[in-house]
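# Structure assessment
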Amino acid sequence: MSVTTVAGRAWHRIGDLLPTRADLALMRRQPRRDLVAGLTVAVVALPLALGFGVSSGVGAAAGLVTAIVAGILAALFGGSNLQVSGPTGAMTVVLVPIVAEHGPGGVLTVGLLAGLVLVTLALLRAGRYVRHVPAPVVEGFTVGIAAVIFLQQVPAALGVPATAGESVVTVAWHALRDFAAQPHWPALGLAAGVAAAMLVGSHLRPTWPFSLLAVGAATVIAQTAPLGVARVGALPATLPTPSWSFLDLAAVPSLLTAALAVAALAALESLMSATVADGMTVNQRHDPDRELFGQGVANLVTPLFGGVPATAAMARTAVNVRSGAQSRLAALSHAIVLALILLAAAPLVADIPLAALAGVLLATAVRMVEVGALAVLARSTRSDALVMALTAVATLALDLVAAVGIGLVVAGALALRQIAGAARLEEVPLDLADHHLEEQALLREHIVAYRMDGPLFFVAAHRFLLELSEVSDVRVIILRMSRVSTIDGTGALVLRDAIERLEVRGITMFVSGLAPAHERVLAAVGALDPLRATGRVLPDTREAIAAAHAHLNRVGVRTA
């Protein structure tokens, strides 16, 4: 295939991922509802963007810039009409060690590289595969992220400096130890007050923006009373000018692994969020490849403005849907409102206490954990409970991508075990209605029929070989395979070995009901060669019994 052909196909594929006229038409249908929803989401997103920017180690301004730039681009190019993108808690967890090792420039470089990976995944149509992540992995992942976000906020909530370069558990422990040695009650009071206002207020008045109200009240208190708490600090009055100077291109080789982790997390979180948004509506369905493309474009451009890697945000997307959003206009207007806040109210935002933002994220972490869903999964099966617990612990102890990988591996292993347990080899009665009573009795003495149910693959294959090889005191085995769901190479080799072992013992095998696809796998390893040569592969059991009857007559066992 020529380079020109490859380039042409790639360009055509990009065309399939770009916004369409249908997207624009949908934005014109109910603009008022979308604008109101966008304003509501912006009110919720402002403290979260600032908090996640601070928590990532790059600064509040980077969080706000990310919410604006990534929010606009992901809304325009993404695959969901309802997604709201920006900085998230899950992404913050990944970014903290990158900041500690490479500084802010390393984080921005990682964002750019992750954007390239996401665009490549979209071109390769990889979006569909994230749909197969099991629910216990998703729930365990969410619980682990919530725990990490909560522990990350402990130093700011206690008003003590965080220890750099250590695990979140260690950082939280050191913060508690420092606070015990020299308590700073104003910071703890602000954080606890904001968190309590959000958690209690969301139950009493779910539609009210308690995060913004609580942060506003905390800011007023901090300005009117000498509490001595740290604040957000100066913000730029406008968006930074796009520039490559933010990036640390010399560190690209050492940042590739981190970029893959960020891209994997962005893909996973964005597509899971889009799936949740679909489930909250009746007629909305996202395009997973376009969603990857939109997140890729957002992460390619956002670092040029000094923003951190972004992904779709489940909490803000849920607020968007509940606020009545119908199209991408809601997410676009949310980003524009944040830009206006940056232009008009940067000095006010700079006075927000860091402890208040920590309170917002503490409450967000608590609200991320849906106890009802966890209880349902924990009660469903032991396997689901184990996968969920392992994923949560791995998320807290390791990095997020490794946690998802561990969850998928364990879930896959348990699923294989369950599937293998469902595979059965059982003796079934012969249908000898066309034979006389004496002949039926004689045939039953020499012929036994077994039915194979389920998959004949590597997990169950050797158990099948053991069971089949132990058959004795017969001259003919009829293996009924019409209910076999799948056969892999290991299963085919095991069947070939079983045939050879039985032949050595003087037992002849007939096979009936073999599907064409399974027949090809068996033929590839030569399992059917001795059977085909003597006409022992039959379409159904009745013909197999007739063939076995003829075989017994030929070898001197008189059945007629």
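The structure reproduced in this document is the subject of the present report. (Residues numbered from 1 in each chain as written. Predicted model: local features only at pLDDT ≥ 70, side-chain atom pairs only at ≥ 80, totals over all residues. Heavy atoms only, no water.)

Within the secondary structure layout, glutamate 291 lies in helix α12 (residues 288-301). Although glutamate 291 lies buried, it forms no salt bridge, and the closest oppositely charged side chain, arginine 328, sits 6.4 Å away as judged by the N-O distance. A distance of 3.4 Å separates a polar side-chain atom of glutamate 291 from the backbone nitrogen of serine 80. Contacts of glutamate 291, omitting those with residues within four sequence positions, involve Gly78, Gly79, Ser80, Gln83, Ser270, Leu271 and Ala312. (Helix = DSSP H or I, 4+ residues; strand = E, 2+ residues; numbered from the N terminus. Buried < 20%, exposed > 50% of the residue type's maximum accessible area, 1.4 Å probe, protein only. Lys, Arg positive; Asp, Glu negative; His and termini not counted. Salt bridge = Lys/Arg side-chain N within 4 Å of Asp/Glu carboxyl O. Polar contact = N/O pair within 3.5 Å; in protein donor to acceptor, adjacent residues only side chain to side chain. Contact = heavy atoms within 4.5 Å.)

Attention shifts here to helix α8 (residues 168-181). Here α8 is 14 residues long and its end C-alpha atoms lie 20 Å apart, about the 20 Å a rise of 1.5 Å per residue gives. Listed as buried for α8 are Val168, Val171, Ala172, His174, Ala175 and Phe179. Buried residues of α8 fall within an arc of 165° about the axis and therefore sit on the same side. Summarising the geometry of α8, the exposed residues directed more than 90 degrees from the buried face are Trp173, Ala180 and Ala181. Elements in contact with the buried residues of α8: α6 (135-152), α7 (154-158), α9 (185-204) and α17 (382-397). (Expected span 1.5 Å × (residues − 1). Arc of directions from axis to C-beta.)

At their nearest, the axes of helix α3 (residues 31-56) and helix α13 (residues 314-322) sit 9 Å apart, and the two run at 165° to each other. Relative to α13, α3 is oriented roughly antiparallel. Read as a crossing pair, α3 and α13 show a hand that is right-handed. Two secondary-structure elements touch here, α3 through Ala37, Thr40, Val41, Val44, Ala45, Leu48 and Phe52 and α13 through Arg316, Val319 and Asn320. Of the residues contributing to the contact of α3 with α13, the split by class is 7 nonpolar, 2 polar and 1 charged. (Axes fitted to C-alpha atoms, helices over the stretch in contact; angles between N-to-C directions. Parallel < 35°, antiparallel > 145°, perpendicular 65-115°, else oblique. Left-handed = near helix turned anticlockwise from the far one by under 90°. Nonpolar A, V, L, I, M, F, W, Y, C, P; charged D, E, K, R; others polar.)

What follows covers a nonpolar patch on the surface. Taken together, the side chains of Leu386, Leu390, Leu398 and Ile406 make up a nonpolar region of the molecular surface, amounting to roughly 310 Å² of accessible area. Counting through the fold element by element, leucine 390 comes out in helix α17. Accessibility expressed as a relative area gives 35% for leucine 390, which makes it partly exposed. (Patch = residues over 30% accessible without salt bridge, like charges linked within 9 Å, V, L, I, M, F, W, Y side chains within 5 Å. Areas by Shrake-Rupley, 256 points an atom, 1.4 Å probe, with all protein chains shown as cover.)

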